Amino acid sequence: MKKRVVALLLLSVACSAFAAVSAPFDESGAAQVVRSGECVKAAAELLQTAKDAYSAKDLPKAGANMAAATFLELLAKSKAKPNAEMLAFVLGNQSVLETAAKSIRYDDNLPRVFEILDEIWRSDSGAFKKYTNLALALAIVFDTPPPASWPHSQVSEKILPRKFPPAADAFKMWIEDRQKGRLLSALEKMSVEELRFLVATVATAEDREYAQRSVSANAANLGKIYSTISYDHSRLNSKRFDWETAPYSLREIKKRGGICTDQSYYTAETAKAKGLPAFIFSGAGGDGFHAWVAYMQKSGKWDFSVGRFASGNFVTGTTIDPQTWREATDHSLQSMRENFRRNPKYKTSEIHADFAGIFFVEEDFKAARAAAAQSVKSDGRNFQAWQLLYL
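Along each chain, the written sequence defines residue order, and numbers are assigned to residues from 1. Residue-level local features of this predicted model are given only where pLDDT is at least 70; pairs of side-chain atoms are given and counted only at 80 or more, and the full residue set underlies all totals for whole chains, interfaces and linings. Side-chain numbers here rest on the full set of heavy atoms in the structure, without hydrogens or water.

Asks: Before we go on, may I ask you to explain helix 5 (residues 84–91) in this structure?
Replies: A turn of α-helix holds 3.6 residues, and therefore any two residues three or four places apart point the same way. Buried means the residue's accessible area, taken with a 1.4 Å probe over protein chains only, is under 20% of the maximum for its type, while exposed means over 50%, and partly exposed covers the values in between. What counts as a helix is a DSSP run of H or I of at least four residues, what counts as a strand is a run of E of at least two, and both are numbered from the N terminus. Here helix 5 lies mainly inside the structure; seven of its eight residues are buried. Listing the buried residues of helix 5 in full gives Ala84, Met86, Leu87, Ala88, Phe89, Val90 and Leu91. In what follows, residue pairs with any heavy atoms lying within 4.5 Å of each other are defined as contacts. Against the buried residues of helix 5 lie helix 2 (27–36), helix 4 (59–78), helix 6 (94–103), helix 7 (110–123), helix 8 (125–130) and helix 9 (132–142). Counting of polar contacts relies on pairs of N or O atoms within 3.5 Å, with two restrictions inside protein: one atom must be capable of donating a hydrogen and the other of accepting it, and residues adjacent in sequence are counted only when both atoms are side-chain atoms. Taking the backbone nitrogen of glutamate 85 as reference, a side-chain oxygen 2.8 Å away marks asparagine 83 as the first, capping residue of helix 5.

What follows is the structure, encoded as structure tokens:
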């Protein structure tokens with residue numbers, strides 16, 4: 001049990017710092033570290049510097065060095081050899097470094113993550129620098145093929161292939177849509193956490209064009225389109241829950257109608273085509289199984305209840321996290337909905353929680369509890385800190 005807890009903690013360690021703090025080295029120094037091949041050694045040294053800074057209560061320095069140590073460790077574990085200039089850019093810019101270290105996880109397909117980042121950088125390094133969060137989101141979503149149960153399980157792989165385009169092509173497509181005014185949001189202002197739920201789409205180019213040109217909705221009222229899909233009661237009554245014939249397109253769903261999963265798919269994919277992250281929730285209530293939609297109205301503000309009828313008494317909704325392809329609940333995604341992760345107090349809480357995790361793995365349980373207590377004191381909404389406090 002203890003080994004399992006330690007493994008989970010290692011996977012959950014994230015890095016946070018204050019944007020005003022300089023990275024441990026500039027781009028030139030970062031390039032030297034990368035080219036030297038001494039990433040493991042550098043990571044160990046940076047981790048020790050981070051721990052020393054934390055002991056000295058210099059949280060900004062501690063967080064900055066922890067971010068660099070984590071990113072270099074992830075790179076070393078990947079055994080990838082991405083473009084040195086790209087790595088130097090990430091390591092030499094603190095806000096980018098912090099975001100990368102926080103977004104990439106130890107259980108991602110690390111070789112593929114860094115390969116995708118490399119592909120995007122080589123395709124357009126200038127755009128990579130401007131839309132770094134978009135590149136990171138594509139890397140952590142496209143590193144592993146999606147399962148047949150996503151975006152929902154009631155349409156076959158044959159009718160709706162679950163296959164992503166090349167990441168560099170997707171990166172170019174999103175930027176073109178942004179530059180041509182086809183999106184209702186600014187990609188460059190979104191967090192990686194939000195962008196994960198935008199880039200995770202298997203909609204065709206035809207679907208995207210249909211949604212952008214033929215569906216009238218803005219960010220505030222997009223949820224209204226859920227009910228514009230006529231409900232196919234004959235399918236429900238005959239218990240034919242799966243969509244049985246091709247095509248499974250937005251235009252065809254609008255034409256034929258469908259049940260709640262089809263209403264949800266239509267709404268979520270339309271939202272994404274218009275630049276608004278979205279995903280499908282499902283859950284059981286008083287009237288049986290139901291599917292509804294969450295979508296981002298603006299960065300940091302979400303509607304989690306499109307099509308979630310109050311009379312259904314749905315206790316918990318579940319979705320599939322496009323980074324892990326594992327189940328996630330509406331409760332676990334609450335931080336994204338409430339936007340408290342961007343709060344400075346929460347960032348301080350994250351730094352304490354990160355070090356609590358490190359101390360726990362090192363079996364310095366007294367220090368781990370003290371750091372976890374500081375994390376909770378800074379912001380009581382940090383779930384990781386509460387877990388560590390009561391282990």
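Asks: Is there a simple way to think about the packing of helix 5 against helix 7 in this case?
Replies: The angle between two axes is taken between their N-to-C directions and runs from 0 to 180 degrees, where each axis is a line fitted to C-alpha atoms and a helix contributes only its stretch in contact. At a closest axis distance of 10 Å, the pairing of helix 5 and helix 7 adopts a crossing angle of 100°. Here helix 5 is positioned roughly perpendicular relative to helix 7, judged by the angle of their axes. Contacts from Glu85, Met86, Leu87 and Phe89 in helix 5 reach Phe114, Leu117, Asp118 and Trp121 in helix 7. Residues of the contact of helix 5 with helix 7, tallied by class, amount to six nonpolar, no polar and two charged. Any angle that falls under 35 degrees is termed roughly parallel, while one over 145 is termed roughly antiparallel, one within 65 to 115 roughly perpendicular, and all others oblique. As a working rule, the residues Ala, Val, Leu, Ile, Met, Phe, Trp, Tyr, Cys and Pro are called nonpolar, Asp, Glu, Lys and Arg charged, and the rest polar, with Gly in that last group.

Asks: Quick question: what am I supposed to make of unusual backbone geometry here?
Replies: The phi torsion of most residues other than glycine is negative, and most of the peptide bonds are trans. Residue proline 151 is bonded to the preceding tryptophan 150 through a cis peptide linkage, with omega at -5°. Structurally, proline 151 is set in the loop between helix 9 and helix 10 (167–179). Residue proline 247 is reached from alanine 246 by a cis peptide bond, and omega for that bond is 0°. Summarising the element assignment, proline 247 is placed in the loop between helix 13 (233–237) and helix 14 (250–256). Even without glycine at this site, lysine 239 takes up a positive phi of about 60°. Judged by relative accessible area, which is 64%, lysine 239 ranks as exposed.

Asks: Can you help me understand the pattern of salt bridges in this one?
Replies: Opposite charge on two side chains permits them to pair, given that their charged atoms come into close proximity. What counts as a salt bridge is simple: a side-chain nitrogen of Lys or Arg found within 4 Å of a carboxyl oxygen of Asp or Glu. Evaluation of the coordinates by the stated rule reveals 19 salt bridges. The partner of glutamate 98 in a salt bridge is lysine 347, and the shortest N-O contact between them spans 3.3 Å. Placement of the pair is glutamate 98 in helix 6 and lysine 347 in helix 17 (residues 344–361), with a sequence separation of 249 residues. Exposure remark for glutamate 98: the relative accessible area of 7% places this residue in the buried category. For lysine 347, a relative accessible area of 21% gives the class partly exposed. Residues arginine 178 and glutamate 188 are paired through a salt bridge, measuring 2.7 Å at the closest nitrogen-oxygen approach. Residue arginine 178 is located in helix 10, and its partner glutamate 188 is located in the loop between helix 10 and helix 11 (192–199); the two are separated by ten residues in the primary sequence.

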